[in-house]
Amino acid sequence: MPAYVLMTNHVHLLLTPDDADGVSRTMQYLGRRYVPYINHTYRRSGTLWEGRFKSSLVQTEAYLLACYAYIELNPVRAGIVKHPGHYRWSSYAHHANGETNALITEHAEFLRLASSDQGRRDAYRALFSDEPHAQTLRNIRDCLQTGTPLGNDRFREHIEATLGTCVGRTQRGRPKKPVDTPHETPDANRQQQLEGL
């Protein structure tokens, strides 16, 4: 897992699965193991999650590090802390300060930030000098909510060609009713033909 944050009412996980079903299997495993553990420990019952998880494919070169920042700045945007380094339940301390974290597997894009560990940490902290651009935040949120791949048009076209299905944003809600157009039924046509004789 390259990045994560555990919030009070939700989590964000940036995962790089080994196969197509890796994310789904991980979430199923959590549901089967973690939920019973929490229910037993806190003497509660029922589900722990509200609905299915949401996911989106991410174009590595264009958006991966923006997703790191989006995830690790969550506690700041929520007003819990003023700086991501003050929140202990995220991957920020590992990436920015080099703290050991067994949950993290370094992504190649993160490793490309610099050739040394210290250089990577410095470069990573520099990513947080400015709040991510508002449009980038909207793109990340929109794609996550709709399950649309996060990337440029070429990336989405490649995903569509690979999957053989449309993956673009679709309008929510019921399909629109077709507009009624006057048409004649076969019986009406036959009646007109008979009358014309």
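For the structure itself, look to the data block above.
Residues numbered from 1 in each chain as written. Predicted model: local features only at pLDDT ≥ 70, side-chain atom pairs only at ≥ 80, totals over all residues. Heavy atoms only, no water.

Undergrad: I would appreciate a short explanation of the overall build of the protein in the present structure.
TA: Per the secondary structure count, the protein includes 9 helices and 2 strands. Taking all 197 residues of the protein together, 29% fall into the buried category. Of the contacts formed within the protein by residues at least 6 apart in sequence, a portion of 58% connects residues at least 24 apart. If you sum the accessible surface of the protein, you get close to 14,200 Å²; carbon and sulfur atoms cover 51% of it. (Helix = DSSP H or I, 4+ residues; strand = E, 2+ residues; numbered from the N terminus. Buried < 20%, exposed > 50% of the residue type's maximum accessible area, 1.4 Å probe, protein only. Contact = heavy atoms within 4.5 Å. Areas by Shrake-Rupley, 256 points an atom, 1.4 Å probe, with all protein chains shown as cover.)

Undergrad: Where do I start with the nonpolar core in this structure?
TA: Side chains that are nonpolar tend, in soluble globular proteins, to be buried together. By size, the foremost hydrophobic cluster in this structure holds 24 residues, and its most contacted members are Leu14, Tyr68, Ile71, Tyr124, Phe128 and Leu150. Contributions of two or more residues to this core are made by β1 (3-6), α2 (60-72), α4 (92-97) and α7 (134-146). Take this core: its biggest share by element is 8 residues, from α2. When sequence neighbours within four positions are dropped, the list of residues in contact with Leu14 reads Met1, Pro2, Ala3, Leu64, Cys67, Tyr68 and Ile71. (Core = buried A, V, L, I, M, F, W, Y, C linked by side-chain atoms within 4.5 Å.)

Undergrad: Which parts of the structure should I look at to understand the environment of Ile38?
TA: Looking at the element boundaries, Ile38 is found in helix α1 (residues 22-41). For the pair Ile38 and Leu48, spaced 10 residues apart in the sequence, the C-alpha separation amounts to 8.4 Å. For Ile38, the residues in contact, after removing those within four places along its chain, are Arg43, Arg44 and Leu48.

Undergrad: Just to check I follow, could you spell out α1 for this structure?
TA: The α-helix advances 3.6 residues per turn, and as a result positions three or four apart in sequence lie on the same side. For α1, built from 20 residues, the straight-helix expectation of 28 Å at 1.5 Å per residue is met to within 8% by its first-to-last C-alpha distance of 28 Å. The axis of α1 is deflected most strongly, by about 30 degrees, at Gly31. Burial in α1 covers these residues: Gly22, Val35, Ile38 and Asn39. (Expected span 1.5 Å × (residues − 1). Bend = angle between axes of the 7 residues up to and from the residue.)

Undergrad: So what exactly am I meant to see when it comes to helix α8 (residues 153-163) here?
TA: For α8, the complete set of buried residues consists of Phe155, Arg156 and Ile159. When α8 is viewed along its axis, its buried side chains cluster within an angular range of 95 degrees and face the same direction. Seen from the open side of α8, the exposed residues pointing more than 90 degrees away from its buried face are Arg154, Glu157, His158 and Ala161. N-capping of α8 is provided by Asn152, with a side-chain oxygen placed 3.3 Å from the backbone N of Arg154. One or two steps after α8, the chain reaches Gly164, where phi turns positive at roughly 70 degrees. (Arc of directions from axis to C-beta. Polar contact = N/O pair within 3.5 Å; in protein donor to acceptor, adjacent residues only side chain to side chain.)

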